[in-house]
Amino acid sequence: FRTQDVEYWIPGSEVDIVKPYRHCDLLARILFVFAKLNPGLSYVQGMNELAAVIYHVLSLETHSGATLEHTEADVFHLFTSIMVEQRDVFVKSL
């Protein structure tokens, strides 16, 4: 997992996946957990862009009563579901 891909959006910032307090921290945690749960695929550059779009769309729904914790879980679920279908696009050896 490369925190540089997330830090790129906010230059000079440190990513905190243990106690996330910003959107980029939550995004980094989603990608980190995905990489750890999928060691065969791990993390490939470009996954951050896919996860960011999903996160952005779902975070717009937080005004309807959803918390950021629920949004994070929903993003992880959708991201994982998409990666199951699109895994071959991100496999390093292909």
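Details of the structure are given in the entry above.
Residues numbered from 1 in each chain as written. Predicted model: local features only at pLDDT ≥ 70, side-chain atom pairs only at ≥ 80, totals over all residues. Heavy atoms only, no water.

Enquirer: I tried to follow the overall build of the protein on my own but got confused; where do I start?
Expert: Tallying secondary structure elements over the protein gives four helices and zero strands in all. Written out in order from the N terminus, the α and β elements of the protein read α-α-α-α. Going through the 94 residues of the protein one by one, you find that 36% of them count as buried. For the protein, the share of sequence-separated contacts (at least 6 apart) that also reach a separation of at least 24 residues comes to 52%. Per element, the accessible surface of the protein, about 6,000 Å² overall, is 58% carbon and sulfur. (Helix = DSSP H or I, 4+ residues; strand = E, 2+ residues; numbered from the N terminus. Buried < 20%, exposed > 50% of the residue type's maximum accessible area, 1.4 Å probe, protein only. Contact = heavy atoms within 4.5 Å. Areas by Shrake-Rupley, 256 points an atom, 1.4 Å probe, with all protein chains shown as cover.)

Enquirer: Any chance you could explain unusual backbone geometry here in plain terms?
Expert: A positive phi angle is found at serine 42, which is not glycine, with a value near 60 degrees. Note on placement: serine 42 falls in the loop between helix H2 (23-37) and helix H3 (47-59).

Enquirer: Could you clarify how one ought to interpret the nonpolar core in this entry?
Expert: One broad rule of soluble globular proteins: the nonpolar side chains tend to lie buried together. Leu31, Leu41, Met47, Phe79 and Met83 are the most contacted members of the largest nonpolar core, which totals 19 residues. Of all elements in the fold, only H2, H3 and helix H4 (68-90) reach the threshold of two or more residues within this core. Sequence-distant contacts of methionine 83, that is, excluding residues within four places in its chain, are made with Phe34, Leu41, Met47, Leu50 and Phe90. (Core = buried A, V, L, I, M, F, W, Y, C linked by side-chain atoms within 4.5 Å.)

Enquirer: Would you mind going over the pattern of salt bridges with me for this structure?
Expert: A side chain with one charge may pair with a side chain of the opposite charge, provided their charged atoms come close. Counted according to the given criterion, the structure contains one salt bridge. When the shortest N-O distance is used, the salt bridge between arginine 29 and glutamate 72 registers 2.7 Å. Here glutamate 72 lies in helix H4 and arginine 29 lies in helix H2, a separation of 43 residues in the sequence. Taking relative accessible area as the criterion, arginine 29 reaches 23% and is therefore assigned partly exposed. Residue glutamate 72 is classed as buried on the basis of its relative accessible area of 12%. (Salt bridge = Lys/Arg side-chain N within 4 Å of Asp/Glu carboxyl O.)

Enquirer: Just checking my understanding: could you explain the environment of alanine 28 for this structure?
Expert: Relative to the elements of secondary structure, alanine 28 occurs in helix H2. On the basis of relative accessible area, alanine 28 is assigned to the buried category, the value being 0%. In the structure, alanine 28 is positioned 24 residues away from alanine 52 in sequence and 9.7 Å away in space, judged by C-alpha atoms.

Enquirer: Whenever I open this one, the packing of H2 against H3 confuses me. Can you help?
Expert: The axes of two packed helices give the description: the angle between them and the distance between them. The contact between H2 and H3 brings their axes to 10 Å, and the two run at 125 degrees. Judged by the angle between their axes, H2 and H3 are oblique. Seen from above, H2 lies across H3 with right-handed handedness. Between H2 and H3, the residues in contact are His23, Leu26, Leu27, Ile30, Leu31 and Phe34 and Met47, Asn48, Ala51, Ala52 and Tyr55, respectively. In the contact of H2 with H3, the residues fall into nine nonpolar, two polar and no charged. (Axes fitted to C-alpha atoms, helices over the stretch in contact; angles between N-to-C directions. Parallel < 35°, antiparallel > 145°, perpendicular 65-115°, else oblique. Left-handed = near helix turned anticlockwise from the far one by under 90°. Nonpolar A, V, L, I, M, F, W, Y, C, P; charged D, E, K, R; others polar.)

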